[in-house]
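# Descriptive analysis of the structure
Now for the letters of each chain:
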Amino acid sequence: MSRIRLLTTYFTCLVVILLATCQSVAWADDEDSGESASSPSSDSDSKYPPFDKLLPEKDRKEFRDEDGGGLMKLYMKDDRLFAEISHGIMNQDLLMLISISQGIGQSPLVAGMSWGFEDDGLYQFRQVGDRIQLIRRNVRFKANANTPEAEAVDLAYTDSVLFSLPIATKSPSGSPIVELTPIFKSDLPQISQVLRGYSFSSPKSSFKDPKVYPTNVEISVAATYQSSSSSTFDTVPDARGLSIGIHYSISKLPKTSYQPRLADDRVGYFVTAIKDFSKNGADDRFVRYINRWDLGKKEVPDAEMSPPEKPIIFYLEKTVPHKYRKPITDGIKEWNRAFEKAGWIDAVRVIQQTEADKWSPEDVRYNTFRWITAGAGFAMGPSRVNPLTGQILDADIIFDADFIEYWKDEYETFTPESVAALTGGPLDITGYQESLRGVPHLGHRAHMCRCEFNHGMSRELAFGATSLLGHFDAPQAGKLTEQMIMQGLKEVTMHEVGHTLGLRHNFKSSTIYTLDQLNSKEGAEAKALTGSVMDYAPANIRPEGQPQGNFFSTTIGPYDMWAIEYGYEELSGGTDGEAGELAKIAAKSAEPEHVYATDEDTRGIDPDPLSNRFDLGDDPIKYAEARSELIGGLYDGIVDRVVEDGEGYQKARRAFGVLLGNYGTAMFTGARYIGGLYTTRSHKGDPDAEPPFVVVEADKQREAMKMLEEHVFSDQPFEFPPELYNHLAASRWMHWGTTPALRIDYPVHEVIAMWQGRVLDLMFSPLTLERLHDSELKVPADQDAFTTAELLERLTKAVFAEVDSLQPGEFTNRQPAISSLRRNLQRDYLGRLADLAMGNDLSPQDCQTIAYVQLKRLGERIDALQAREDVTLDPYSDAHLEETSARIQKVLDAELSLGRSAAGSGFPMIIFGEEPEKP
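Here is a short report on the structure shown in this document. Being a predicted model, the structure only gives us computed values, none of them experimental.

This next bit is on the overall build of the chain. Within the chain one finds 28 helices and 26 strands. Within the chain, the fraction of its 919 residues that count as buried is 52%. Considering only residue pairs separated by 6 or more positions, the chain has 74% of its internal contacts joining residues 24 or more positions apart. Accessible surface computed for the chain: about 42500 Å², of which carbon and sulfur atoms make up 52%.

This next bit is on helix α24 (residues 788-799). With 12 residues, α24 ought to run about 16 Å at 1.5 Å a step, and its terminal C-alpha atoms sit 16 Å apart, in line with that. Taken together, the buried positions of α24 are occupied by Thr788, Glu790, Leu791, Leu792, Leu795, Thr796, Ala798 and Val799. Buried residues along α24 sit against α20 (698-711), α22 (748-764), α23 (766-778), α25 (801-805), α26 (820-837) and α27 (845-866).

Let us look at the sheet that holds strand β15 (residues 271-276). A sheet is described by the order of its strands in space; here three strands give the open sequence β8-β15-β16, paired in mixed fashion. In the strand order of this sheet, the two ends are held by β8 (141-142) and β16 (286-290), each with one partner. Summarising the sheet, β8 and β15 pair through two bridges and their orientation is parallel. Bridging across to β15, phenylalanine 141 finds its partner in lysine 275.

A few words on the packing of aromatic side chains. According to the stated counting rule, one finds 31 aromatic pairs in the structure shown. Judged by centre distance (5.8 Å) and plane angle (70°), the ring pair of tyrosine 559 and tryptophan 562 falls under edge-to-face. Residue tyrosine 559 and its partner tryptophan 562 are both found in helix α15 (residues 558-568); the two are separated by three residues, about one turn of the helix. Look at tryptophan 562 and you get buried, because its relative accessible area is 2%. The residue whose ring lies beneath arginine 365 is tyrosine 213, and the NZ or CZ to ring-centre distance is 3.7 Å. When the ring centre of tyrosine 432 is taken as reference, the NZ or CZ atom of arginine 603 above it lies at 5.1 Å.

The pairing of strand β6 (residues 121-128) with strand β7 (residues 131-136) spans six bridges and is antiparallel. Looking at the pairing, glutamine 127 lines up with isoleucine 132 of β7. Between β6 and β7, which pair antiparallel one after the other, the connecting turn spans two residues, and glycine 129 there sits at a positive phi close to 65°. Of the strand pairs in this sheet, β7 and strand β9 (residues 160-170) are connected by six bridges, and their pairing is antiparallel. Bridge pairing in β9 places glutamine 133 opposite serine 164.

Looking at where threonine 511 falls in the secondary structure, it is placed in the loop between α12 (474-500) and α13 (515-518). Under the relative-accessibility criterion, threonine 511 is labelled buried at 14%. Here the side chain of threonine 511 touches lysine 508 through a polar contact of 2.8 Å, landing on its backbone oxygen. Once residues within four sequence positions are removed from consideration, threonine 511 is found in contact with Val595, Leu610, Gly617 and Asp618.

What follows deals with the packing of α15 against helix α16 (residues 574-586). The interhelical angle for the contact between α15 and α16, taken along N-to-C directions, is 175°, at an axis separation of 10 Å. The orientation of α15 relative to α16 falls into the category roughly antiparallel. Of the residues in α16, those in contact with Trp562, Glu565 and Tyr566 of α15 are Leu582, Ile585 and Ala586. For the contact of α15 with α16, the per-class residue count stands at five nonpolar, no polar and one charged.

So, how was this worked out
Residues numbered from 1 in each chain as written. Predicted model: local features only at pLDDT ≥ 70, side-chain atom pairs only at ≥ 80, totals over all residues. Heavy atoms only, no water. Helix = DSSP H or I, 4+ residues; strand = E, 2+ residues; numbered from the N terminus. Buried < 20%, exposed > 50% of the residue type's maximum accessible area, 1.4 Å probe, protein only. Contact = heavy atoms within 4.5 Å. Areas by Shrake-Rupley, 256 points an atom, 1.4 Å probe, with all protein chains shown as cover. Expected span 1.5 Å × (residues − 1). Pairing = 2+ DSSP bridges. Phe/Tyr/Trp six-rings, centres within 6.5 Å; stacked < 30°, edge-to-face > 60°. Lys NZ or Arg CZ within 6 Å of the ring centre and 35° of its normal. Polar contact = N/O pair within 3.5 Å; in protein donor to acceptor, adjacent residues only side chain to side chain. Axes fitted to C-alpha atoms, helices over the stretch in contact; angles between N-to-C directions. Parallel < 35°, antiparallel > 145°, perpendicular 65-115°, else oblique. Nonpolar A, V, L, I, M, F, W, Y, C, P; charged D, E, K, R; others polar.

Spelled out as structure tokens, the structure:
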């Protein structure tokens, strides 16, 4: 043991002596070279390979701006991207905007689409030891600096560390250089959330040459997503590998004198919301800024009118067809009328791209108008904003050329899904919540606020063309159709530009004029057809012989003027000082021309019958009846008018579908009065403001019921010429990009039943019945009210009208007592009434008992009809009534449950033909 200890001590001493000797030599070398032992450059640089060794001059490509610098220097080597992170950008806020530069022809992955524009992100590069982290800053929460609240916010909310990159080397100037490949060759945009079953493939992805500018860099990636699933896309040659162009625009936040402007829910702007924990005692901690451009101070502060220092300039891509450049340019510049009223001269400008221009439309420095061919039939006008202030920094309007080609095969055949999509989607809370489950979480707000004006405009152009062919000979109809297209193109342009200015949809603005005012000589040219071009307006086509105004709006409306006044008029006093002036402007909300309701007010579950897409005039019932009159006169001779010699008959089927679809949506719009509530966003004290909710007048609801009885629940509007059906041929092509019809002949009964059923969906929605039931308490007892009892009684009488009104006589299969269309409607209605009586949904119990009584009385009336000796029923009608009577009796005989189930049902579910399950 002693020898072992002795040897251990000896070797320990020897190691200490050797280390001391080496250290003294190192010190001596340092002194000879004139460098300090503590010099950070020598100590740190020795950890990394030399710059020229990692990035040899012969192998690297350098990217700088024209002056040799730029926001950051970039280097490429073997498709690997490196960046020099200088002290000027380390720990500085950078805005990263992501867009799709090359798509796959499938929404939302289409060229020009902004990605995540609803939630633009701030990023920072931060050095932690030998690594550079890419941080996404948490900017949703704040508090005044150097306060306890600020410390609490720091403890409660953190930034997100997305990447931690090793420092690869140091630049000749001493700045760290990192490889950015792991950042941009990744699923950073989370596109896999909309490409279910796909994952990002880094080896199959590649960079395009980046561009470096003084305040921004532009990085493009040909990103490949791969899947082993059996997914197929007609627009992709092999769906196992989808290549998508992703463009990243990284820029410094501009340091300007921009003053954020507070939002107000009475005026429709997109907002930037921040939760401020310094607002102690406030009812609402959120601070909301409207999204708007920084136009700059006026030349003369006291001048009433002044040009902006920073005008909003749109660059028209050279891809825009020559014939459409004028209406598009005019549509963009039309907004100057509103800016002039707000005190600005020539605030919005247009520059046409030439062949010599080399700028990229994804470059954040340019606001572009792009014409693409994705076949998706859409237009959009997204803008990207500073998430701290709401300042709009960039906007790119995208037009898909497909909407001009309006004779589409999607009009050939309706489905329950397409009918529902045309009429607001789900009509009850449960269905609405279910519909959101399929939407990626990151896109919920974008899903609700998505713009589908162009898609609807395509249908309206088809409807207008069909209507004009019914009123004029082919040459005149063609001339008017071209005029209609140009007006429609200008209106869609104005609409999308409005979005880039910060404005949201306004689906209630179509109610400020009557149909006669829209088409009078005074209103035809001088006014917009709606209070705002941010509405979705249908083609304004009048029945033959009535005055005809513009087909679409050719200028902006009074609401647009007011909204721009709120957002852009120069006010004094800073954000807090402006509040009083802004409140005065917003207080004008109750003025008739300033009505406002947006996307979340216009879902199928929302109650205001005046907030609709694609309606016109101050009364949706009058609009529906005018459409009925117009469309009813177009079916005769439609085949000869729309199909030319040598053409197939597909266009006839599409024209028929467009007419029937327009008829159905108009009727559904009028039906929304039933169980409806007028809503307003006005605040207490606004002049002439109504309460937030007003129950629709009982007489108006009865007027809607009368319209439905005559135009939906009757078979007369659907008595089309029999020979017409035999000319409604489907497209017969079989190749990629086509979807052959399941039935090449026209499914007459099925399609008509879908439209009638959609209106019944609204009438029997638990939400409609609940609102009607609630409204009985919201209307004083001494005033008239439309009740659920009246609704169900009128519906039953209208749908089964033959039971009470059948005249004496003998009926045959070819001339039945109850037509086949009516029998279908009655079966559908009976099933709904039985479900309601049996408590198979969440409708109020009072409605269940009323439905039970209606079934009982209907059964008695059917028994009385079958006992009549002066009527000989045809086999169809006789069998139909016999079956109906048996089904009614089945419900009446069902065993009742005394208590409601957990789902709210008061009765067990009945399936016809089976015994009810015992409770």
